[in-house]
Amino acid sequence: MSCSKIFLDLPELTYEIIKYFQNDYSTLYSCIFVNRLWCRLAIPLLWENPFSIRTGNYEFIEIYLYNNLNNDYIAKLNEYKTINNSLLSTNTLFNYPSFLKYLSAYKLYSSVDKWFDYSIRNSKFEIKTYVSEENFKRLVYMSLFKIFIESEVNLHTLEIKALSIYDRASLNEILELILQNQNFIHNIGNLKLYIRVYKDNTIFNNHVLQMIHLHQNLKKILLYENYFSLYQSLLLSKDYNCSNTLNTITFYYIDFGEIINLDEIFEQLNVLESVHIVYCFSLDNSFIQQINNLTKPFKLKSLIIGELPQIESLQQLLLKSGDYLENFGGNGIYYDFHDI
C-alpha cells in the first residue's frame, strides 16, 4: 500500500503528523496545496492564532471583515475610505473565525495598525480627507471583536493588556462588548490580565472585575503599581473562585509597605504555582513576616529587585522560596511579563 493511500485512509494519522508543524507556518502553508484532506487539516492550524504570525502580509484581516460582517457594517467601513483596489467579499471555503484559539487584544490592535499601513502603502484604499485614521482603525478593531463574539469562538486563551491610559481607553469599549455577550466569556479557557487599575476610573475597574466574576476561571493575573486594594475583594472573595483557579500571580511595581494581609491571600490560593516579584518596594521585615507566616510553600519563581532590601530580609526571602526561584536580578534586567 502506498504512503498516499495510507494518509487518505487514516486522516487521524495525517492530522497527528501535520500537528508537528503547528508553529512552522511556511510548512503549514505548503500543506494546504497537497490535496483537499491536507488542506482541511492544515487550515485550522494556520488560523488558530493569526495575529501572532510575523508576516508583512495582513490580508487575512480583510478575509475576516468582508466575509463575516453584514452589509450595514461593511457600508459603515466604506464610509471612511475611498476604494482603489476594491475590497470585495469573496466566497470562502472555511469559517475562519471558528478556528481562532488564541487572541491577544494588544496583538489584534497592532495587527490592525500594520494592516492599515500595508493597505495604504499598496494603494488598496485611501482614507477620506475628513476622516480620522484612528477612528477608522478603531472601527476595524471593534468589528473584528464583534465577528469573534458573534461566531461564538471557543478561545483557549484571551489576553488583555491595559497598562496605560491609552490602552485603557481603547479596551473599555471592548470590555463593554464582551460583558454584553456572556457566552463569549464562558467559552474562554484561559483569561490572562495585564491591567493597571485606576482609583479615578471605577467604570473601567468594575468592567474588569465583572469579567473575572463571569469567567470564573482566572489563571494568571498581574498586579501593577499601588492599587492593590482594588484587587483585594477579588483575591479574598470566594465569589470569584480565584482560590481554585489562580496559578500565577505577578507583583509589578507594588509597594508592599501598604499591604498587611498577604499571608491571608496566599493561604487561600489553593492551586498557586508561581509568584513573580518585579521591581517592587518595601521588601522589609513586615513583608518577610507575612511570608514567614505562610503554612504553604512560597513558590517565588522571579525576584527582580529595583531597590536593594536589607540583607537579612533578602536572605530570609530566598530561604523561604527554597528551590523555586528561577529568575533573579536587579536594575537593568529586562523582564517581559508576557512570557510568564
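Residues numbered from 1 in each chain as written. Predicted model: local features only at pLDDT ≥ 70, side-chain atom pairs only at ≥ 80, totals over all residues. Heavy atoms only, no water.

As annotated in an unreviewed UniProt entry, the protein chain carries the name F-box domain-containing protein and is attributed to Rhizophagus irregularis.

A. Local environment of the overall build of the protein chain. The helix and strand inventory of the protein chain stands at 15 helices and 10 strands. The proportion of buried residues among the 340 residues of the protein chain is 48%. For the protein chain, restricting intrachain contacts to residue pairs at least 6 apart in sequence, the fraction spanning at least 24 positions comes to 78%. (Helix = DSSP H or I, 4+ residues; strand = E, 2+ residues; numbered from the N terminus. Buried < 20%, exposed > 50% of the residue type's maximum accessible area, 1.4 Å probe, protein only. Contact = heavy atoms within 4.5 Å.)

B. Seen up close, the packing of helix α5 (residues 60-68) against helix α8 (residues 133-150). Where α5 contacts α8, the two axes come as close as 10 Å, and the packing angle between them is 65°. Judged on the interaxial angle alone, α8 and α5 are roughly perpendicular. The crossing of α5 and α8 is left-handed. Between α5, through Ile61, Tyr64, Leu65 and Asn68, and α8, the contact on the second element is made entirely by Val140, Ser143, Leu144, Ile147 and Phe148. Among the residues forming the contact of α5 with α8, the class breakdown is seven nonpolar, two polar and no charged. (Axes fitted to C-alpha atoms, helices over the stretch in contact; angles between N-to-C directions. Parallel < 35°, antiparallel > 145°, perpendicular 65-115°, else oblique. Left-handed = near helix turned anticlockwise from the far one by under 90°. Nonpolar A, V, L, I, M, F, W, Y, C, P; charged D, E, K, R; others polar.)

C. Geometry of the nonpolar core. With 96 residues, the main nonpolar core has Phe251, Phe266 and Ile277 as its most contacted residues. In terms of domain composition, this core takes at least three residues from each of domain 1 (1-47) and domain 2 (247-339). By size, the runner-up hydrophobic cluster in this structure holds seven residues, among which are Tyr252, Val278, Tyr279 and Ile304. (Core = buried A, V, L, I, M, F, W, Y, C linked by side-chain atoms within 4.5 Å. Domains from an automatic or database assignment.)

D. A look at the environment of Thr157. If you trace the backbone, Thr157 turns up in strand β4 (residues 157-162). It is 6.5 Å that separates the C-alpha atoms of Thr157 and Lys101, two residues lying 56 residues apart in sequence. Ignoring any residue separated from it by four or fewer positions in sequence, one finds Thr157 in contact with Lys101, Tyr102, Leu103, Asn190 and Lys192. Side-chain polar atoms of Thr157 contact the side chain of His156, separated by 2.7 Å. (Polar contact = N/O pair within 3.5 Å; in protein donor to acceptor, adjacent residues only side chain to side chain.)

E. Quick peek at α8. Taking 1.5 Å per residue, 18 residues should reach 26 Å; α8 reaches 26 Å between its end C-alpha atoms and fits that length. For α8, the capping residue at the N-terminal end is Ser132, with a side-chain oxygen 3.3 Å from the backbone nitrogen of Glu134. In the segment just after α8, Glu152 is the residue with positive phi, at about 55°. (Expected span 1.5 Å × (residues − 1).)

F. Structural detail: a nonpolar patch on the surface. A contiguous nonpolar surface patch, about 400 Å² in accessible area, is contributed by Leu13, Ile17, Tyr20 and Phe21. Here Leu13 lies in helix α2 (residues 11-19). Here Leu13 falls in the partly exposed class, since its relative accessible area comes to 38%. (Patch = residues over 30% accessible without salt bridge, like charges linked within 9 Å, V, L, I, M, F, W, Y side chains within 5 Å. Areas by Shrake-Rupley, 256 points an atom, 1.4 Å probe, with all protein chains shown as cover. Salt bridge = Lys/Arg side-chain N within 4 Å of Asp/Glu carboxyl O.)

G. Region of the structure containing unusual backbone geometry. Positive phi, close to 55°, is recorded for Glu152, a residue that is not glycine. Positive phi, normally seen in glycine, also occurs at Tyr279, with a value near 50°. Tracing the backbone shows Tyr279 in strand β8 (residues 274-280).

H. How the structure looks around the pattern of salt bridges. By the definition in use, this model includes five salt bridges. Between Lys137 and Asp113 there is a salt bridge, and its shortest N-O distance comes to 2.5 Å. Taken as a pair, Lys137 in helix α8 and Asp113 in helix α7 (residues 105-121) lie far apart in primary sequence, 24 residues in all. A salt bridge links Lys299 to Glu273; the nearest nitrogen and oxygen atoms lie 3.1 Å apart. Linking Lys299 in the loop between α14 (285-292) and β9 (300-305) with Glu273 in the loop between α13 (262-267) and β8, this pair joins segments that are 26 residues apart in sequence. With a relative accessible area of 43%, Glu273 lands in the partly exposed category. The network of salt bridges with shared partners includes Asp113, Glu134 and Lys137.

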